[in-house]
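# Residue-level structure breakdown
Chain residues, written in single-letter form:
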Amino acid sequence: MLKALSRPRLRPHPRSLIVAKRSVHAPVPFKWEDPLDIASLFTEDEVAIQETAKSYCQDRLLPRVLDAYRSEHYDRNILKEMGEVGLLGATIKGHGCAGTSSVASGLITREVERVDSGYRSGMSVQSSLVMGGIDEFGTEEQKERYLPEMAKGNLVGCFGLTEPNHGSDPGSMESVAKSHPTKKGYYLLSGSKTWITNSPIADVMLVWAKVQDTGKIRGFLVDRKSCPPGTLETPPLKNKNGLRASLTGMILMDDCPVPKENMFPTVEGLKGPFSCLNSARYGIAWGVMGALEDCIGRARTYALERRQFKNNPIAKYQLVQKKLSDAVTDASYGVLAAAQVGRLKDQGRLAPEMISMTKRHNCDKALVNARVLQEVFGGNAVSDEYHIGRHVANLFVTQTYEGQSDIHSLILGRAITGIQAFA
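Throughout what follows, the structure given in this document is the object of discussion. From a predicted model like this one, the values you see are computed outputs, not experimental measurements.

### Examining the pairing of strand β9 (residues 248–259)
Among the twelve residues that make up β9, nine are buried, leaving the element largely enclosed by the rest of the structure. Bridge analysis of strand β5 (residues 186–197) against β9 gives nine bridges, and the strand direction is antiparallel. Bridging from a neighbouring strand, glycine 191 pairs with methionine 253 of β9.

Written out as structure tokens, the structure reads:
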């Protein structure tokens, strides 16, 4: 230690001081749309994919979102359009899918939800919950049968887990699969699922049910065209306050026959549905940042154009600037977190709790900031033509579904303390 202290201090070369000084004080302008220059973290391919998604969403989705939201109408051709652009099942390799990075898929999700959370929900169910589930747990025959057509949007999928009596507690599900009494190699599925995006128009339904003989939860691919009349119904759930631009319904099964080859062969218990949900939750963490960013852009424009108090733009006033500052900060941090989780996901270094943390935090911050930014619009926020009220209503749903924030808090608490809070 004494010898180390007695060593002469190294002095930097004068030239290095000049370089360091210039780099510290480089005149880089602040970009409010991307304050932390997060775009520099993305590859050229990822940026190109984002631009493709942005062009499609702004040119083709945005012009029809208000009518869709007002009428609670979802055009299934949207999924075909997304398929043509290559947005469906983006991370899946083969089977007609793009095979992108997880970050690229997140950038797609961000651009879709920048327009509307309902459009992102319809895409996420198709891509992450159903196509992702088939890709991870399905047989090769199941993959070949469904994935190429789902990637094109020709087949629409839905994911049946939540039940009327069991939302945050899927382990207590009542849907059951029992062996067919006369038809060997078939199961009869009975039960009900609710709040199921895409169910009224779905061609294939990934339904989770308990096998009567074993009590184990298994995944079944229910093919609508193979179900006899009276065994399967998918009524829509109307008059929603949020996600009105997506289609939500139920799955009602009454001894619906499903061949054994339509059951996932190996995965048992909640590992299957939770794996699918984690993939979708990751996408939500990206998507809600897109919705928040749209709120920021609209609030900023409104604040610069709206004049009050001696004809000043209201953007001049401190309270408005604080609202924008808080929202821009939270959006930047949220995108950084989502990007980091995506990189870890692709490196095989992802802990599920990372997704819980990111989904919970980004959804909460998006909802809180969007609500606060509503105040910038004053009474005009009530008009749907300003879009921000629609985002707020949607963001409440995203904070609630696929694990409400309190549930993710308990998941994190269990990981932190080692103590189970759910039982």
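### Section: the environment of glutamate 261
Mapped onto the fold, glutamate 261 is located in the loop between β9 and α9 (271–305). Along the backbone, glutamate 261 and glutamate 84 are 177 residues apart, and their C-alpha atoms lie at a distance of 30 Å. Apart from residues no more than four positions distant in its own chain, glutamate 261 is found in contact with Gln142 and Arg145.

### Some details on unusual backbone geometry
The backbone of asparagine 198 sits at a positive phi, close to 80°, despite the residue not being glycine. Here asparagine 198 lies in the loop between β5 and β6 (204–211). You will see that leucine 243, though not glycine, has its phi angle at about 50°, which is positive. Relative to the assigned elements, leucine 243 resides in the loop between β8 (232–233) and β9.

### Regarding the pairing of strand β7 (residues 217–223)
The buried fraction of β7 amounts to seven of the seven residues, a majority that puts the element mostly inside the structure. Judged by which residues are buried, β7 turns out to be covered on both faces: Ile217, Gly219, Leu221 and Asp223 on one side and Arg218, Phe220 and Val222 on the other are all buried. Hairpin connection from β6 to β7: five residues lie between these consecutive antiparallel strands, with glycine 215 at a positive phi of about 75°.

### What to know about the nonpolar core
Within soluble globular proteins, side chains that are nonpolar tend to cluster in buried spots. Leu61, Met82, Tyr119, Phe159 and Trp208 are the most contacted members of the largest nonpolar core, which totals 47 residues. Per-element tally for this core: the top contributor is helix α7 (residues 117–137), with eight residues. Contact partners of leucine 61, with chain neighbours within four places excluded, come to Tyr56, Ile78, Met82, Val112, Val115 and Tyr119. Formed by 41 residues, the second largest nonpolar core is a distinct cluster that contains Ile38, Ile284, Val320 and Phe377.

### Overview of the layout of surface pockets
If you add up the space inside the largest pocket, you get close to 1200 Å³. Lining the largest pocket are 41 residues; nearest its centre among them are Thr162, Thr400, Tyr401, Glu402 and Gly403. Listing elements by their share of the lining of the largest pocket, those giving two or more residues are α7, β5, α9, α11 (352–374), α12 (388–400) and α13 (405–417). When residues in the lining of the largest pocket are grouped by element, the largest group, five residues, is from α9. As a volume, the second largest pocket reaches approximately 680 Å³. As for the second largest pocket, its lining consists of 33 residues, and the residues nearest its centre are Thr91, Ser102, Ser128, Ser279 and Lys345. Here the lining of the second largest pocket gets eight residues from one element, more than from any other, and that element is α7. Of the residues in the lining of the second largest pocket, the class split is eleven nonpolar, 17 polar and five charged.

Definitions and cut-offs
- Residues numbered from 1 in each chain as written.
- Predicted model: local features only at pLDDT ≥ 70, side-chain atom pairs only at ≥ 80, totals over all residues.
- Heavy atoms only, no water.
- Buried < 20%, exposed > 50% of the residue type's maximum accessible area, 1.4 Å probe, protein only.
- Helix = DSSP H or I, 4+ residues; strand = E, 2+ residues; numbered from the N terminus.
- Pairing = 2+ DSSP bridges.
- Contact = heavy atoms within 4.5 Å.
- Core = buried A, V, L, I, M, F, W, Y, C linked by side-chain atoms within 4.5 Å.
- 1 Å grid on protein atoms, 1.4 Å probe; cavity = no way out; pocket = protein on both sides within 12 Å on 5 of 7 lines; lining within 4 Å.
- Points joined across faces, edges and corners; volume = space filled by probe spheres on them.
- Nonpolar A, V, L, I, M, F, W, Y, C, P; charged D, E, K, R; others polar.

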